[in-house]
Structure formats: structure tokens, C-alpha cells
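# Structure at a glance
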Protein chains: 2
Amino acid sequence: MRNDEEYEQPTKAAIAQRHRKIGPLSRRFFQVYLGLISEALAPFEMDPSFYSLLVELHERPGIDQRRLGEALGIDRTTIGQMVDELDHRGLISRKVHAQDRRARILSLTSKGDALRLQIRPHMLRAQAQLEAPLTPEERGTFLELLTRIVVSNLDKESTGGFRRRKLRPKEKGGG
Amino acid sequence: MRNDEEYEQPTKAAIAQRHRKIGPLSRRFFQVYLGLISEALAPFEMDPSFYSLLVELHERPGIDQRRLGEALGIDRTTIGQMVDELDHRGLISRKVHAQDRRARILSLTSKGDALRLQIRPHMLRAQAQLEAPLTPEERGTFLELLTRIVVSNLDKESTGGFRRRKLRPKEKGGG
DNA sequence: ACCTGATGATCAGTATACTGACTAACTATC
DNA sequence: GATAGTTAGTCAGTATACTGATCATCAGGT
């Protein structure tokens with residue numbers, strides 16, 4: 001361990017100090033959330049996106065794929081793949097819309113809803129753990145402010161999810 | 001437009017209502033942030049991760065790759081690739097550590113720092129836009145609570161970034 | 001010096017999520 | 001009912017970011 005004048009694990013306080021910027025914090029926040037719930041979901045062969053898809057479908061049964069994707073901020077192709085997977089697993093059903101045969105009507109199967117209910121307490125626990133550092137009163141405040149930020153800026157949302165954009169346009173060879 | 005008993009764009013209020021859960025909000029929050037700054041960074045052939053790398057390097061010059069990755073919550077391989085890219089573009093320098101020849105000492109070049117400074121006002125503007133829905137006082141509150149949540153939960157952070165976990169173990173054929 | 005275990009970085013392989021082109025189906029207009 | 005323009009969904013191709021294996025180096029014990 002080189003322990004001269006090098007960098008060690010910065011203390012939590014140091015991290016708190018340095019990251020008092022809303023942007024990086026938003027990233028960390030999401031990352032921490034993912035860490036918590038991924039663990040809770042792993043035993044069910046689920047991940048956060050899949051689970052939120054189940055929840056969304058529970059709340060808006062009969063929604064079509066495009067709108068579902070929009071609701072979750074996931075692109076149409078990816079939603080298609082996810083729906084495909086969940087369909088294969090018998091967790092959701094996909095029917096052709098009666099009035100618009102292009103669209104696919106989605107809803108939870110009883111198996112899917114059972115799984116959702118089975119997972120729910122684990123999610124609530126993870127959520128509680130995330131909020132644990134706040135007092136109940138602070139939680140309300142925090143949620144309200146967070147909601148306002150998100151809703152007010154919804155139109156500026158990145159459509160494309162979390163992947164980095166392509167940076168090197170083509171560069172056929174050398175650096 | 002099928003406008004009978006189908007789903008239209010839910011109103012912002014409806015979204016606010018439905019998403020009063022901290023987890024999904026954290027995702028939206030980050031997504032909104034990405035949307036805002038990606039736009040600001042695109043002219044510079046940068047993306048949020050790259051820019052935050054430049055900033056981190058400005059604040060901790062001489063850091064090595066592994067620690068840089070940890071600081072940003074990015075895995076070692078990905079950091080290596082990013083560093084490679086930025087090195088090629090002449091924005092950072094990479095030297096072998098004098099005491100530990102395994103490690104690579106990273107720092108901004110003057111070109112890299114100039115780019116960082118050029119981008120900074122755009123980032124600040126994006127940040128301001130993100131925070132705009134809050135009053136100055138609320139901003140302070142929000143940042144404090146957010147910081148507390150993140151710092152308290154740092155140990156539960158997902159190491160692996162934002163990609164979904166592998167779900168289908170192998171499935172060599174039919175579902 | 002030699003061996004063992006740990007660590008920083010890279011390489012090869014793979015999984016995920018995108019973009020763009022495409023098909024099918026809807027609406028509007030003639 | 002034919003044509004044009006639009007939209008839901010899928011397919012093929014590609015880019016990004018991971019996992020695991022490997023190499024080089026370091027630290028400790030003998």
C-alpha cells in the first residue's frame with residue numbers, strides 16, 4: 001500500500017463535501033437505489049426495469065407498448081424485448097388491440113401479478129432503507145421537492161436512457 | 001386517434017401522483033439531468049461521464065485509474081476505455097506511477113483543462129435549469145437531504161453502473 | 001533470491017440497449 | 001377505394017459497458 005502522499009479512500013464527509021452538486025448527486029442517488037433493489041430482486045430473476053414494468057402494468061392495465069415505454073422512459077425497441085421476455089415467462093399477456101391492430105394490449109397475468117405481490121415487500125424494504133437517513137418529516141419534504149424537479153423538467157428528459165452517446169463519429173483507423 | 005376509453009398522455013399532475021415513490025423518481029431525476037446536460041455537452045463531443053471525469057481529474061490530479069473509477073462509480077475496464085479515449089484526444093495525460101509501476105497517474109492536460117473551463121458555464125446553466133423549480137431556500141434543503149441519503153447509503157451502491165443484470169442464465173433454445 | 005498472495009491495468013468475449021430501415025395498419029383526403 | 005402521410009411494432013446492425021482471464025508489479029515471509 002503506497003501510503004505516502006497518495007489518495008486513500010476519501011472519507012464519507014469528503015465525498016459529501018465534494019459532491020454537493022446536484023447532477024453528480026442524481027447519478028449517485030440512482031446508483032445507490034439500483035444497488036439496493038437489485039439485490040432484493042435477484043432471487044426472482046428480476047431487475048429494476050422489469051419490476052417497474054410489472055408495476056406500471058398493474059397500474060395501467062391495457063396500456064400499449066409505446067406508451068408503456070414512454071411511461072418508463074425506455075425506448076420502443078427495448079420495451080419490445082422486455083415485453084417479449086416477460087411474455088415468454090408467462091408474466092404478462094399481449095393481445096392485439098381490437099380497434100387498432102397495430103397495437104399490442106398489455107396486461108399482467110395472474111402469475112405476473114402474484115410475482116409482483118411477492119416482490120413488493122422486498123421493494124418496500126429497500127425503499128425504506130434508502131429513506132432511512134431522513135426523518136419522516138424530511139421524507140415528505142424531500143419527496144415533494146424531488147417530484148417538483150422531475151415533473152417540471154419532464155419535457156427535457158433524455159429519451160434514450162442511460163447509455164453514453166456515440167462520441168467518435170467514424171474514425172476509420174488511426175487515433 | 002382512438003380516443004375512447006384508451007390512455008392518452010397522462011397529465012403532469014397524474015404523473016406526479018403516480019410516481020410519488022422514491023425509487024422511480026430517482027430514475028427520472030437522473031434521466032432528466034442527463035437530458036439537460038447531454039444537450040449542453042454534445043457540441044463538445046462530450047457526454048456526462050466524460051465531463052465528470054474531467055472534473056474529477058481537476059479536483060484530484062494524480063489519481064490512478066482504479067480510484068478514479070471508484071470515485072465516479074464506473075468499473076475499471078470502462079474507466080480504462082474512457083481514459084484511453086481522452087488520452088488520444090490529448091485532454092488528459094497518463095504516466096506510470098514512480099513508486100508503483102502498475103499504476104497510471106492521471107491528470108488533465110492544459111488542453112483538457114481549457115475544455116473543462118469552456119464547458120463549465122454550460123453545465124452550470126443546465127444545473128440551474130434543473131433546480132429552477134425550487135426556491136433558493138428549497139435548493140439548500142433539497143441538496144442537504146439528497147446528500148444525506150446518498151452518503152449514508154454509499155456502501156450499498158451498485159458497483160456495476162446502470163446496465164441490467166443478466167436474467168436468462170443460458171437458455172439454449174426454446175423458452 | 002524465491003515463492004505466495006494481492007493489486008493495477010488490459011484483453012477477449014459477451015450482454016444490453018440503442019439507431020435506422022422496414023412492415024403492417026391506421027387516418028385523412030380525394 | 002386508392003393514395004399519401006403517420007404511427008405501433010419488429011428486425012438487423014452497431015455501440016457501450018460489463019465479466020472473467022491474464023499480465024505485470026508489488027509486498028510479505030521464508
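An account of the accompanying structure is given in this report. Quantities reported herein were computed from a predicted structural model and do not represent experimental measurements. (Residues numbered from 1 in each chain as written. Chains lettered and ligands numbered in written order. Predicted model: local features only at pLDDT ≥ 70, side-chain atom pairs only at ≥ 80, totals over all residues. Heavy atoms only, no water.)

The next subject is the packing of helix H7 (residues 136–152) of chain A against helix H7 (residues 136–152) of chain B. Close contact between H7 of chain A and H7 of chain B brings their axes to 10 Å; oriented N to C, the two are set at 110 degrees. Overall, the two elements H7 of chain A and H7 of chain B adopt an arrangement that is roughly perpendicular. Every pair of crossing elements has a handedness; the one defined by H7 of chain A and H7 of chain B is left-handed. Here Glu-138, Thr-141, Phe-142, Leu-145, Leu-146, Arg-148 and Ile-149 of chain A of H7 of chain A lie close against H7 of chain B, whose contacting residues are Glu-138, Thr-141, Phe-142, Leu-145, Leu-146, Arg-148 and Ile-149 of chain B. Taken together, the residues of the contact of H7 of chain A with H7 of chain B break down into 8 nonpolar, 2 polar and 4 charged. (Axes fitted to C-alpha atoms, helices over the stretch in contact; angles between N-to-C directions. Helix = DSSP H or I, 4+ residues; strand = E, 2+ residues; numbered from the N terminus. Parallel < 35°, antiparallel > 145°, perpendicular 65-115°, else oblique. Left-handed = near helix turned anticlockwise from the far one by under 90°. Contact = heavy atoms within 4.5 Å. Nonpolar A, V, L, I, M, F, W, Y, C, P; charged D, E, K, R; others polar.)

Geometry of an aromatic ring pair is reported as the spacing of the ring centres plus the angle between the planes. Enumeration according to the criterion identifies 6 aromatic pairs over all chains in this entry. Relative to Phe-30 of chain B, the ring of Phe-30 of chain A has its centre 5.8 Å away and its plane inclined at 25 degrees; by these criteria the two rings are stacked. Of the two residues, Phe-30 of chain A sits in helix H2 (residues 22–41) while Phe-30 of chain B sits in helix H2 (residues 22–41), which places them in two different chains. Classification of Phe-30 of chain A as buried rests on a relative accessible area of 3%. Following the ring pairs from residue to residue traces out a cluster consisting of Phe-29 and Phe-142 of chain A together with Phe-29 and Phe-142 of chain B. (Phe/Tyr/Trp six-rings, centres within 6.5 Å; stacked < 30°, edge-to-face > 60°. Buried < 20%, exposed > 50% of the residue type's maximum accessible area, 1.4 Å probe, protein only.)

Glancing now at H7 of chain A. Relative to the 24 Å expected for 17 residues at 1.5 Å per residue, H7 of chain A spans 24 Å between its end C-alpha atoms, a close match to the ideal helical length. Buried within H7 of chain A are the following residues: Glu-138, Phe-142, Leu-143, Leu-145, Leu-146, Thr-147, Ile-149, Val-150 and Val-151 of chain A. (Expected span 1.5 Å × (residues − 1).)

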